[in-house]
Amino acid sequence: MITTIDHSVKEHIQKALEVARRSNEAVIVSHISEVDAMDPLHFFNYGENLFLGERFYWSGPSTFTVVGLGNELVIETSDQTTNRFRLIENEWKRLNKQVLHSGSVSVGTGPLLFGGFSFDPIKSKSQLWNDFSEAKFFLPTIMLTNTKERSYLTVNKLIHPFDQLEDCIEHFTSYEINNLNFSHIRDCEKFNEFKLTELHKEEWLNAIVKAKEQIHAKQIDKVVLAREVHLLFNEKVDTYSVIDSLQKNQPTSYIFAFENGIQSFIGATPERLVKKENHKVFSTCLAGSIKRGISVEEDKLLGHQLLTDDKNLLEHDIVVKMIKKALEDCCYDVVTPDKPKLMKTKNIQHLYTPVEGFAREDHSLLSMVERLHPTPALGGYPKHAAIEKIRELEPMHRGWYAGPIGWLDAYDNGEFGVAIRSGLIEGNKVALFAGCGIVGESVPELEYVETQIKLKPMMTALGGIKA
Ligand SMILES: C=C(O[C@@H]1C=C(C(=O)O)C=C[C@H]1O)C(=O)O
Ligand SMILES: [Mg+2]
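Residue indices begin from 1 for each chain and proceed along its sequence in written order. Here the convention is simple: chains get letters from A, ligands get numbers from 1, in the order in which they are written. Totals for whole chains, interfaces and linings use all residues, but because this is a predicted model, local features are given only for residues with pLDDT of at least 70 and pairs of side-chain atoms are given and counted only at 80 or more. Water and hydrogen atoms play no part in the side-chain values, which are based on all heavy atoms of the structure.

## Remarks on the pattern of salt bridges
Every case where a carboxyl oxygen of Asp or Glu lies within 4 Å of a side-chain nitrogen of Lys or Arg is listed as a salt bridge. Taken as a whole and judged by the stated rule, the model has 24 salt bridges. Here R227 and E198 are joined by a salt bridge, their closest N and O atoms 2.8 Å apart. Residue R227 is found in strand β9 (residues 222-233), and its partner E198 is found in strand β8 (residues 194-198); the two are separated by 29 residues along the sequence. For R227, a relative accessible area of 3% translates into the label buried. Strands here are runs of E lasting at least two residues and helices are runs of H or I lasting at least four, both read from the DSSP assignment and numbered beginning at the N terminus. With a 1.4 Å probe rolled over the protein chains alone, any residue whose accessible area is under 20% of its type maximum counts as buried; one over 50% counts as exposed, and the rest are partly exposed.

Here it is as structure tokens:
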């Protein structure tokens, strides 16, 4: 067989095979090459034939876009305790002990694990989320990384002791950029009419009333209650077009898509849970909401109203206190501004406070995800009592909605968002989710209107609202 694979890759494979045979453990080989600029959605679309059901899309507002295709390795657990974070971390550490790179390495290239966690592993699963584990991550077979200036292609392979050199070389050769058979750039589909069903609206409104009683009785300070709507289309929903629309209309949010067999979990979240870059740690407090104004003046007025509204400031403040404390327990030099600012997306304005610090030794990214999840922006306060209230009062199963979703690399860099403004797509069916932070002064009907606004990004992407 004639191969064009570059010499260093062959050497890495040979070395990996030696190590794998000696240790009787698999070794990850990762080859990174800089490629001509490529549209990430085009790459996602390329994966439709070979890797349908095993694709991941992630783009951060100020970082990069990564698209992973194929499950070269899957790490998942149905563990229902907080141990699930450590299980994923330990397995990833065990496997990435042996990583052989070739090509230029920059953050967001090389072996990355993509995935997420369910919101609440204890609450029994509904039919809808049956195929989603409590935590699932995968190392893609191939991955495109687009930074502001450059595009990189990463090809990964898990090399086992019994693998043959020629087969391994063939793997890397077949996924060289020139050997990938890209089709033409495709058009986005226009979506047809759909039938919308609001689930358990009355129960949800009643749950708010009950939550307020419990808040007034000082059982908890805040609880987030979510609801679900279902959309039924005449035809299969085209996830490519959904991501394309989110990318165009929600450029300041994280756009994510996680394919899990025949289901795709997709969203555009403005909320970072935690990002770790070497030792630097960033988290975000995002809670308190108001609609966008139609005119510039109205928009400013609404923004001002939000910044001075006691009910929204309380919703927000509870989140700041908790996140600040959580980071102080594992970071040094934690800084946070005294007052929230506004974060505006196309459809909504939020109160926003960034929290930053430096990770202390031995505090990993996933340990921070464990510590933070769920923040009072998605759970409530105090944490465990609020989770109990959600189990008791909320008339839906969250599955991966409001859970941590993101990526991590072999050096403990990575980023997780909170999987809100999201939906689960399966064929012609879509389930969308939205929730609100409930405090003593919440008015059920107004919280309902707030969820309507939060459903808009996905509704627009599905063609239900004109962009
Ligand atoms: C729960 C959601 O959003 C959260 C709740 C917010 C609020 O109640 O003001 C604001 C931002 C998010 O932290 C959602 O979008 O589903
Ligand atoms: Mg709110």
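## Focus: the side chain of T375
Here T375 lies in the loop between α9 (365-372) and β17 (380-381). By relative accessible area, T375 is classed as buried at 3%. Note on contacts: a residue pair is in contact if any heavy atoms of the two residues lie within 4.5 Å. Residues contacting T375, with those up to four places away along its chain left out, are E271, L273, V319, M322, I323 and G380.

## So, the domain arrangement of the protein chain
The domain architecture assigned to the protein chain consists of domain 1 (7-179) and domain 2 (194-461). Source of the domain bounds: an automatic or database domain assignment. Taken over C-alpha atoms, the centre of domain 1 sits 27 Å from the centre of domain 2. In this complex, domain 1 contributes 51 residues to the contact, which on the side of domain 2 involves 55 residues. Buried area counts how much accessible surface, traced with a 1.4 Å probe, disappears from two parts once they are put together, with both parts' losses summed. Together domain 1 and domain 2 conceal approximately 4,700 Å² of surface at their shared face, both sides included; 62% is due to carbon and sulfur atoms. By the criterion of area lost to domain 2, the three top residues of domain 1 are W58, F119 and W129, representing 19% of everything that side buries.

## Some thoughts on the UniProt feature "binding site: Mg(2+)" (unreviewed entry) in the protein chain
UniProt positions are given in the numbering used here, feature names are shortened, and annotations may be inferred rather than shown by experiment. According to UniProt, the "binding site: Mg(2+)" (unreviewed entry) feature falls on E315 and E450. Across 136 residues in sequence, these annotated residues keep their C-alpha atoms within 13.6 Å of one another, forming a single compact spot. Relative to the elements of secondary structure, E315 occurs in helix α8 (residues 310-328). E315 sits in the buried class, given a relative accessible area of 2%. Setting aside its immediate chain neighbours within four residues, E315 contacts K222, A287, G288, G437 and V439. Of note, E450 is situated in helix α11 (residues 444-461). In contact with E450, not counting residues within four places along its chain, are S289, K311 and C436.

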